[in-house]
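Structure at a glance
Residues per chain, in single letters:
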Amino acid sequence: MEYILKEFLSYEKLKETADFLFRENENLDNKFYLVQTKYGTLGFTYYHLGIKPSIILRNGILFMGFGTSIIIYNIFQKNLLYKITDTMHIVYELQYNSYFEYIVCICELCILTFNSKGKLLWENGVQDPIYDYKIKEKSVEIQFEDKTILSLSLDNGGVVFFKK
């Protein structure tokens, strides 16, 4: 299943098109997007912090990370499965891990992992901003600006190793 991402110039135009609409902060939002699938459309707005929205569509579940928000939406049942609108940090990227069939959300100060049905499995926060990261078969490896490396198990979020 595929999707098309369209950018709109205004909230009013987006509102006319979307079946479901999510707004991060109606007073500050300056980016307006529509995700279109053959089963419907979902609009979202957010305050652009320099990182493009990250979207994964798996088995009718739409995983989206943008600005400081994470949204998980079932496009078949047209219902919201998970929503956090102020993660207190920037959402960098969503990545799919085929070994566990998990969606890994990398944020500025935390990692969240969801199963393919949209259920949050674990969340692990860090004190310093994440500088770089790699999703491996069974772990996520995080590097900080001081070159410290932290590896977390994708299965349960536990520390695999820590190297300073």
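Figured I'd write up the structure that's included with this text. Nothing here was measured: the structure is a model prediction, and the numbers come from that model. (Residues numbered from 1 in each chain as written. Predicted model: local features only at pLDDT ≥ 70, side-chain atom pairs only at ≥ 80, totals over all residues. Heavy atoms only, no water.)

1. Focus on the sheet that holds strand β6 (residues 61-66)
Each strand in a sheet pairs with another by means of backbone hydrogen bonds, the pair being arranged parallel or else antiparallel. Reading across from one edge, β5-β6-β7-β8 is the order of the 4 strands in this open sheet, with antiparallel pairing throughout. Of all strands in the sheet, those bounded by a partner on one side alone are β5 (54-58) and β8 (79-84). The average angle at which neighbouring strand axes cross in this sheet is 10°, direction not considered. (Pairing = 2+ DSSP bridges. Helix = DSSP H or I, 4+ residues; strand = E, 2+ residues; numbered from the N terminus. Axes fitted to C-alpha atoms, helices over the stretch in contact; angles between N-to-C directions.)

2. A short note on the packing of aromatic side chains
Scanning the model with the defined rule gives 12 aromatic pairs in all. Measuring from ring centre to ring centre gives 5.6 Å for Y33 and F44, while their planes differ by 20°; the resulting arrangement is stacked. Placement of Y33 in strand β3 (residues 31-37) and of F44 in strand β4 (residues 40-46) is noted, with a sequence separation of 11 residues between them. What makes Y33 buried here is its relative accessible area of 9%. (Phe/Tyr/Trp six-rings, centres within 6.5 Å; stacked < 30°, edge-to-face > 60°. Buried < 20%, exposed > 50% of the residue type's maximum accessible area, 1.4 Å probe, protein only.)

3. Some thoughts on the pattern of salt bridges
The tally for this structure, following the rule as stated, stands at 2 salt bridges. The residue E7 makes a salt bridge to K31 at a minimum N-O spacing of 3.1 Å. With E7 in strand β1 (residues 4-8) and K31 in strand β3, this residue pair connects regions lying 24 residues apart in the sequence. (Salt bridge = Lys/Arg side-chain N within 4 Å of Asp/Glu carboxyl O.)

4. A short note on the sheet that holds strand β16 (residues 159-163)
Across the sheet, 4 strands lie side by side as β13-β14-β15-β16; this open sheet has antiparallel pairing. Edge positions in the open sheet fall to β13 (130-135) and β16, since each of these has one partner strand only. On average, each strand axis in the sheet is inclined to that of its neighbour by 15°, with strand direction left out of account. In this sheet, strand β14 (residues 139-144) lies alongside β13 in antiparallel orientation, the contact comprising 5 bridges. Within the sheet, the bridge partner assigned to I135 lies in β14 and is V140.

5. Here we look at the environment of F22
Along the polypeptide, F22 turns up in strand β2 (residues 20-23). If we ignore the near neighbours within four places in the chain, the residues touching F22 are G43, F44, T45, F66, S69, I71, K83 and T85. (Contact = heavy atoms within 4.5 Å.)

This is a description of form; function is not addressed.
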